[in-house]
Amino acid sequence: MTDKREYKTRQPLSEDSEWTFDLLRLYDKEIGRVAAYYGLGTYPSQIEVITSEQMIDAYSSVGMPVSYNHWSFGKQFMTAQKSYKRGQMGLAYEIVINSNPCIAYLMEENTMTMQALVIAHACYGHNSFFKGNYLFRTWTDAEGILDYLVFARSYIAECEERYGEVAMEETLDSCHALMNHGVDNYRRPAKLSMAKEKNRQQEREAYLQSQVNDLWRTLPPKEAAGKIRKETRYPPEPQENLLYFIEKHAPCLELWQREIVRIVRKIAQYFYPQRQTQVMNEGWATFWHYTLLNHLYDEGKLTDGFMMEFLQSHTNVVYQPPFYSRDYRGINPYALGFSMFRDIRRICEEPTEEDRRWFPDIAGTDWVKTLDYAMRNFKDESFISQYLSPHLIREMKLFDVVDDDRQDKLEIAAIHDDAGYRHIRQALADQYNLGNREPNIQVWDADIHGDRSLTLRHYMHARRPLGESTAEVLRHVAQLWGYDVRIESVDENGRAELISECLI
Amino acid sequence: MSQFVDRRLSGKNRSAVNRQRFLRRFKGQIRKAVADVVSGRNVTDLERGEKISIPAKDLQEPVFQYGPGGRRSIIHPGNKEFIAGDRVDRPESGSGQRGSEGSPDGEDMDEFVFELSKEEFMNYFFEDLALPDLVKKQLSAVPEVKRMRAGFTSDGSPANLHVARSMKQSIGRRLAMSSTPRQELQEAEERLAELAAKGQDDSPEADSLRQEIESLKARIASVPFLDTWDLRYSNRVDKPQPASQAVMFCLMDVSGSMDEERKNIAKRFFMLLYLFLTRSYEHIDLVFIRHHTVAKEVDEHDFFNSRETGGTVVSSALELMHQIIRKRYPIAGWNIYAAQASDGDNWNDDSPYCRDLLINSLLPLLQYYAYVEIKAENPQSLWKEYEYVRSVSPHFTLQRILSLEDIYPVFRELFRKKVTK
């Protein structure tokens, strides 16, 4: 593409660092033009100019534009406010909401450069990712989310009035504790829609209750039949979606509580793709703000001063401190994602002999198409295992440290050399596998014919045990379930061991 | 094409509700933190917000997560020394290859720190003291103002219309507006009289004079009796009420039996009196007198932090206070308040002397004297003598205190006076 650009005499869009609405529109139009040139498909954007206080507000409700009231949001708010006041946190970088139209926030305090950067990053980078990536297409409904959040908030407010804030807070606390276990990994979800939700909510209440009653039929089962039933577990297959199971089968929940469980489950599901595409999503947006603004610069539409400010901010974002640095906090997803997309473009445009061996499919192809394909069809785990190149492994000097509690020392399992590339690539991909990051916990048995106790099972991965918060979470499960709850760990040999229980 | 929306003017503080919920939920921890903060503050320094920190583990939201142990592999960037197969020691703390621990600003990560506003802080402070709502309101409110007369204005509400002033204006205006026609009228009448004297009463000149007289009379009559710009209204302005000065004596026993806890209760007692005085007086001096067998004037830090041993002679403090009043605070210019905290110990011989000293020398100079006996055993001689003082003086009050809630009743009289005034 570079050959198509020609260096003209500079006719910058603006010289000043002050922004105006007219300028914002002008920049947006230019960035949009270049984005279309590279074939980025986006939802229309709604760009909202807000103050820093409003930005802190937006931060604290996990970026949801509409959200119900809960103390934990207050805690986040106070944290954000504190660090902003101390100047620890720049609020400049985006909040962008996966909705149609895609909502992005600009802070009024920012310079024109930063506004342009955020527009390119959020309204064209993230926006196109939301629209294109398969996980977002499957799991979230950009059309319906705002309506659903409005529904959720008003429903929760209504229930607070009817049943009291304390009861609501307890229920929400318990649901939040299980939020990460509220998603079916393998089943496709139904689309969210405000109209449907409202119409069906009452219907569902009545229906659910009748089902539950049936499940817990109080007639004493006959002795013989009881023995046989004891042998079969309920549910017949383990369930990974704890919140779903509770919503449908918890014996004592009030109808409104079931609806709350459902709301939290739906919101968890909405954020599920974001948790799985952090590297890709940020990398993609960063790659595009970098590419789009450079393109405009090459066209002579941006001043040198603009570029200096932009590059400073950009470099801060994609800086990866080495492991021995004081600032090291693990791998920076912006840095990894940005480097990978740049690397794919390099492989397409200037493949080396090594690249041709490792990536015969993409070496020398059209980079725009290749990147688009990569963006659409992967999540972090598969993206890394597909595209992390030896070149980048060397560049980042990646190495694998194995910490085994049976060994008295750490082992360096692989480094950035010929023998280690595949190992590193696989290990890094595994690191982004959600299943590796969060314990795999499933509903094993609900003793519907006996004491109604619930048994969860933790399927251990690499012998890693559950942390100390387990008992606390179990209390929340028991709160929702209403009867005894216990959790067992199952080791690699299939041996189950009771770790914790919460008796009511 | 994107759409731009300017949201800057639509509400901020969307999180205010969530913040309140947070405060409500962690009330217990916050109250404890506030109590700690109050202990560290000066008596005069209560009314400001504060950074409060509560243990972070209390407000964690639990989720299922991995604990330490098992086998895990972590990819790190920036290798400069390792090759595959190396074995290295585990770093001292934390997991992985962290370079350093601890946050950059040196703040403890185990604490959640946030700011309470002045009002919130005061609310937590009051909560412990079990103040009646009316008093709380009184203390939290801005100083009272008094409406003072300040002359007259030309506009105001009808209720403030000043009739006499308005009529005065009216008379003056009517005089001024009608003076020329009246002069002309007088001249015309005189001329008419002259004509009449000459017998020319029917002449055309006389007729025209009569006409002129008529029209002048009409002009005079047309001057309005009361016009809008005659109206005068009483003017009143707000003048802050506390305009005088007071001195507050803090007396405390620092003998060995006054431990930290007792001192903390005493401190709140002093704080509350100070807070009350700030509502009534513009300027307040504080005098700290500590005593065991001898009394000494000290600064606030020493007052609360020093600890001495030995017996207790209360009269030494009262004598010192009397001297200081005579030397520095003439009663003509100062309102004098005194607050004494003690655990009740005193030499038996000294107590009757204290009583006499109070009744004869001190109480006539004072607005109010409050005595608290903190966590004392059985009432001792001082208490009995002081009870007698109360029976003879309305400006004296005393109270035995076991916990923070008991402090307020000491001031009940004081506050009631204020409320009914």
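Cut-off values and rules
Residues numbered from 1 in each chain as written. Chains lettered and ligands numbered in written order. Predicted model: local features only at pLDDT ≥ 70, side-chain atom pairs only at ≥ 80, totals over all residues. Heavy atoms only, no water. Helix = DSSP H or I, 4+ residues; strand = E, 2+ residues; numbered from the N terminus. Contact = heavy atoms within 4.5 Å. Areas by Shrake-Rupley, 256 points an atom, 1.4 Å probe, with all protein chains shown as cover. Buried < 20%, exposed > 50% of the residue type's maximum accessible area, 1.4 Å probe, protein only. Polar contact = N/O pair within 3.5 Å; in protein donor to acceptor, adjacent residues only side chain to side chain. Pairing = 2+ DSSP bridges. Axes fitted to C-alpha atoms, helices over the stretch in contact; angles between N-to-C directions. Salt bridge = Lys/Arg side-chain N within 4 Å of Asp/Glu carboxyl O. Expected span 1.5 Å × (residues − 1). Arc of directions from axis to C-beta. pLDDT = per-residue confidence, 0-100. Right-handed = clockwise from strand over helix to strand, strands pointing away. Buried area = accessible area lost by both parts, 1.4 Å probe. Parallel < 35°, antiparallel > 145°, perpendicular 65-115°, else oblique. Left-handed = near helix turned anticlockwise from the far one by under 90°. Nonpolar A, V, L, I, M, F, W, Y, C, P; charged D, E, K, R; others polar.

Looking now at the overall build of chain A. What chain A contains, in helices and strands, is 21 helices and nine strands. For chain A, restricting intrachain contacts to residue pairs at least 6 apart in sequence, the fraction spanning at least 24 positions comes to 73%. Looking at chain A as shown, the accessible area adds up to about 22,200 Å², and 48% of this sits on carbon and sulfur atoms.

So, on to the overall build of chain B. When helices and strands are tallied, chain B shows 12 helices and 13 strands. Of the contacts formed within chain B by residues at least 6 apart in sequence, a portion of 80% connects residues at least 24 apart. As presented, chain B carries roughly 22,300 Å² of accessible surface, and 49% of it is formed by carbon and sulfur atoms.

With that out of the way, let us pick up the environment of A:His295. All names here are of chain A. One can find His295 in helix α12 (residues 278-298). According to the relative accessible area criterion, His295 is buried, its value standing at 6%. A distance of 2.9 Å separates polar atoms of two side chains, one belonging to His295 and the other to Tyr38.

Glancing now at the sheet that holds strand β10 (residues 295-298) of chain B. Residue and element names in this part refer to chain B. Read across the open sheet, the six strands follow the order β10-β9-β8-β11-β12-β13; overall the sheet is mixed. Sheet topology places β10 and β13 (396-401) at the edges, where each strand pairs with a single neighbour. Here the average twist between neighbouring strands, direction ignored, is 20°. Note: strand β11 (residues 335-342) against strand β12 (residues 368-374), six bridges, orientation parallel. Along β12, the bridge assignment pairs Ala339 with Ala370. Along the sheet face, helix α9 (residues 314-328) touches β8 (245-253), β9 (283-291), β10, β11 and β12 and points at about 150° away from the line of β9.

Counting across every chain of the model gives 42 salt bridges over all chains. Of the charged contacts, one joins A:Glu501 and A:Arg486 as a salt bridge, the two residues approaching to 3.2 Å between their closest N and O atoms. Separated by 15 residues along the polypeptide, A:Glu501 in strand β9 (residues 496-502) and A:Arg486 in strand β8 (residues 485-490) bring together distant segments of the chain. The class for A:Glu501 is partly exposed, based on a relative accessible area of 38%. The residue B:Arg400 makes a salt bridge to B:Glu373 at a minimum N-O spacing of 2.9 Å. Of this pair, B:Arg400 sits in strand β13 while B:Glu373 sits in strand β12; the two residues are 27 residues apart in sequence, bridging distant segments of the chain. On the accessibility criterion, B:Glu373 (1% relative accessible area) is buried. Among the ionic contacts, a cluster of salt bridges with common partners joins A:Glu160, A:Glu165, A:Glu169, A:Asp173, B:Arg21, B:Arg24 and B:Arg25.

In this section: the sheet that holds strand β3 (residues 71-76) of chain B. Sheet strands pair via backbone hydrogen bonds, and the direction of the pair is either parallel or antiparallel. Strand order across the open sheet formed by four strands is β3(B)-β4(A)-β5(A)-β4(B), with antiparallel pairing between neighbours. Every interior strand has two partners, whereas the edge strands, β3 and β4 (87-88) of chain B, have only one. Packed onto the sheet, helix α19 (residues 421-431) of chain A meets β4 (399-404) and β5 (410-414) of chain A together with β3 of chain B and runs at close to 110° relative to β3(B).

All names here are of chain A. Among the secondary structure elements, Arg265 is positioned in helix α11 (residues 255-276). Look at Arg265 and you get buried, because its relative accessible area is 5%. Aside from chain neighbours lying at most four places away, what touches Arg265 is Gly182, Asn241, Leu243, Tyr244 and Glu247.

What follows is about helix α6 (residues 204-221) of chain B. All names here are of chain B. The end-to-end C-alpha distance of α6 is 26 Å, a good match for the 26 Å that 18 residues give at a rise of 1.5 Å each. Taken together, the buried positions of α6 are occupied by Ala206, Leu209, Ile213 and Leu216. Seen along its axis, α6 keeps its buried residues to an arc of 80°; they face one direction. Looking at α6, the residues exposed on the side facing more than 90 degrees away from the buried face are Pro204, Gln211 and Glu214. Buried residues along α6 sit against α5 (163-198).

Here we come to the confidence of the model for chain B. In regions of low pLDDT, the predicted coordinates are not meant to be interpreted in detail. Per-residue pLDDT for chain B has a mean of 80; in total, 87% of the residues score no lower than 70. Considering only residues more than four positions removed or in separate chains, one finds that residues 94-108 of chain B, a stretch of pLDDT under 50, has 24 contacts.

Looking now at the pairing of β12(B). Each regular strand carries side chains that alternate between the two faces of the sheet. Residue and element names in this part refer to chain B. Summarising burial for β12: seven of the seven residues are buried, a large majority. Residue alternation in β12 divides its side chains into two sets, Tyr368, Ala370, Val372 and Ile374 and Tyr369, Tyr371 and Glu373, and both sets are buried. Note on the crossover from β11 through helix α10 (residues 350-362) to β12: the handedness is right-handed. Two strands pair when backbone bridges link them, and β12 and β13 are joined in this way by six bridges, in the parallel orientation. Across the sheet, the residue bridging to Ile374 is Ile401, located in β13. With helix α11 (residues 381-392) bridging β12 and its parallel neighbour β13, the resulting β-α-β unit is right-handed.

What follows deals with the interface of chain B and chain A. If you look at the interface, chain B gives 66 residues, while chain A gives 102 residues. Of the roughly 7,900 Å² buried at the junction of chain B and chain A (both faces included), carbon and sulfur atoms supply 53%. Here chain B is connected to chain A by 12 salt bridges. Ionic pairing is found between B:Arg25 and A:Asp173, a salt bridge with its closest N-O pair at 2.4 Å. Counting residues per element, the ones that place at least two in the side of chain B that touches chain A are β1 (3-6), α1 (16-25), β3, β4 and β5 (111-116) of chain B.

All names here are of chain A. Closest axis-to-axis distance for the α12/helix α13 (residues 304-317) pair is 11 Å, and the angle between their directions is 165°. Here α12 is positioned roughly antiparallel relative to α13, judged by the angle of their axes. Two packed elements cross with a definite hand, and for α12 against α13 that hand is left-handed. On α13, the residues that touch Thr286, His289, Tyr290, Leu293, Asn294 and Tyr297 of α12 are Asp304, Phe306, Met307, Phe310, Leu311 and His314. Broken down by class, the residue content of the contact of α12 with α13 amounts to seven nonpolar, four polar and one charged.

This part is about the environment of A:Leu292. Note that A:Leu292 resides in helix α12. Contacts of A:Leu292, omitting those with residues within four sequence positions, involve A:Ile31, A:Val34, A:Ala35, A:Tyr38, A:Ala120 and A:Tyr124.

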